[in-house]
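A structural walkthrough
Below are the chains, spelled out letter by letter.
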Amino acid sequence: MTLRARLTLLTFGILLLSLLASAGVAGTVLWRLELSSITRQVTAQTDALLAVAQSTSAALPASAEDLLEVNGITAVARVYGGGRLRWAGGAAGPDILDAAVLAGTDGQGVSRVGGYLVSSTRAGNSAVQVGRNLLPLERSMRLYALVTALTLLLLSALGGALVAREVRRTLRPLEALAARVQTLDAPGPLPALTLGGEVGALARALDASLSALRAERARETLFLASASHELRTPVTALLADLEHTLARPRPPQEMYAALERTQRTASRLRLLTGNLMTLTRAQRLGTQHLEPALSSWPPTDLLTLAGETVDLLQPLALRQGLDLWLDGQATPLRGDSALLGSVLENLIGNALKFTPRGGEVQVRVVPQNGGARLTVQDSGPGCPGGALTEAFVRGEAAAAAAAVEGFGLGLAVVRQVVEIHGGTLTLNNPPGGGARVQVSLPGG
């Protein structure tokens with residue numbers, strides 16, 4: 001059974017039971033009020049007839065009949081003397097209304113005898129009974145119950161129909177929303193976003209969730225594209241070199257040279273896989289809110305991290321005949337030291353990689369507006385044109401990556417880490433030549 005049907009039936013049932021209960025209470029109160037009124041009337045008529053009977057020993061006067069009529073309704077009355085019927089008047093009725101009273105010694109009482117409400121009283125040898133037929137009242141109450149039940153049933157059905165209409169109108173946006181959610185890739189926003197109430201809140205929550213899901217899917221697609229692009233070339237080169245080397249017997253010198261090339265390719269693959277892991281971690285952290293992430297990171301010093309990276313890469317610089325030096329001041333901030341270390345390794349490593357022998361790479365760290373500014377500048381040929389575009393920074397420009405192999409993924413890692421730290425990344429080719437990369441990070 002659908003939600004709409006359940007709500008309609010539930011509303012119909014509750015409304016019908018509530019109205020029937022209210023009508024039942026009203027009917028009971030009405031019955032008791034009428035019965036109480038009749039009781040007072042027959043009791044007063046009994047007392048009046050007893051007074052008339054005691055005032056005369058002869059037959060009761062004709063005026064006694066007038067005492068039995070109230071509001072056009074005539075009661076039945078009997079007057080007994082010495083245990084025998086002395087007078088009968090009023091409406092047609094039984095000769096003896098309540099024989100138990102005549103046989104007893106009770107002074108006065110009201111009882112139900114058959115379909116009559118009988119008031120009895122005695123004084124000395126005289127006994128008086130006045131009865132009212134309750135059948136007309138009972139028929140009226142039964143008619144009231146029937147008419148009330150039919151009316152309430154009709155009202156409940158009408159109320160259920162109105163509720164069904166309102167539920168249908170209310171659930172129509174929810175049904176449209178459910179149909180739209182089944183096609184996540186369909187263009188356009190979700191329906192019911194501007195509505196108020198629970199449906200609008202649900203639509204906005206789903207829209208936020210779907211946006212996060214699309215962003216996660218885009219990050220996964222970007223990661224797979226970056227991984228396939230960056231790993232394809234070195235793996236292909238490694239396999240080609242191995243196949244060429246193993247195609248025929250070679251002297252030890254050629255085998256040693258092939259092993260050196262294999263070692264270099266394996267080292268590059270290790271660097272690439274490390275960058276991919278760093279990019280994955282940075283993207284995962286990037287899905288969190290920035291402020292809580294920054295406040296939860298421990299304090300670190302960017303100059304210290306830069307010094308450790310320069311010490312690590314100094315042997316490579318010496319082997320390539322490059323001058324690598326560091327300058328700056330202590331710059332405390334809050335951040336992930338491992339991720340910031342990957343930023344330094346990628347930027348300095350790229351500068352060393354593309355700077356010709358005899359050149360220099362300058363690393364500078366200075367405080368800036370409570371945060372830090374990192375500058376890596378080399379004396380090489382400068383950044384390729386594609387590297388200065390937004391697409392290439394995110395590792396998506398295959399043509400630019402083909403021009404300078406391996407440049408894209410490193411910058412993708414740098415860009416992602418800088419973004420989750422709330423910083424900015426700037427690449428340019430200064431007028432004096434070379435390439436300059438600047439990273440600005442906020443303070444802790």
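In case you missed it, the structure is sitting above this.
Computed from a predicted structure; not experimentally measured.

**Notes on the pairing of strand β5 (residues 108–113)**
Pairing of β5 with strand β6 (residues 116–123), which is carried by six bridges, proceeds in the antiparallel orientation. Within the sheet, the bridge partner assigned to serine 111 lies in β6 and is valine 118. Between β5 and β6, which pair antiparallel and follow one another directly, the connecting turn spans two residues, one of which, glycine 114, has a positive phi of 60 degrees.

**A few points about the side chain of threonine 309**
Tracing the chain through its elements places threonine 309 in helix α8 (residues 302–319). Relative accessible area serves as the criterion here: at 5%, threonine 309 is assigned to the buried category. A polar side-chain atom of threonine 309 sits 3.0 Å from the main-chain carbonyl oxygen of leucine 305. Leave out the neighbours within four places in its chain, and threonine 309 touches Gly341, Leu344, Glu345 and Ile348.

**Focus: unusual backbone geometry**
Even without being a glycine, asparagine 71 presents a positive backbone phi close to 55 degrees. Mapping asparagine 71 onto the fold places it in the loop between β1 (69–70) and β2 (73–74). Of note, the phi angle at asparagine 369 is positive, near 55 degrees, even though the residue is not glycine. Here asparagine 369 shows up in the loop between β11 (360–368) and β12 (371–378).

**Section: the sheet that holds β11**
Pairing is mixed in the open sheet, where five strands are placed in the order β9-β11-β12-β14-β13. Strands at the two margins of the open sheet, each flanked by one partner only, are β9 (323–328) and β13 (424–428). With direction set aside, neighbouring strand axes in the sheet form an average angle of 10 degrees. Pairing of β11 with β12, which is carried by eight bridges, proceeds in the antiparallel orientation. Along β12, the bridge assignment pairs valine 361 with aspartate 378.

Criteria and thresholds
- Residues numbered from 1 in each chain as written.
- Predicted model: local features only at pLDDT ≥ 70, side-chain atom pairs only at ≥ 80, totals over all residues.
- Heavy atoms only, no water.
- Pairing = 2+ DSSP bridges.
- Helix = DSSP H or I, 4+ residues; strand = E, 2+ residues; numbered from the N terminus.
- Buried < 20%, exposed > 50% of the residue type's maximum accessible area, 1.4 Å probe, protein only.
- Polar contact = N/O pair within 3.5 Å; in protein donor to acceptor, adjacent residues only side chain to side chain.
- Contact = heavy atoms within 4.5 Å.
- Axes fitted to C-alpha atoms, helices over the stretch in contact; angles between N-to-C directions.

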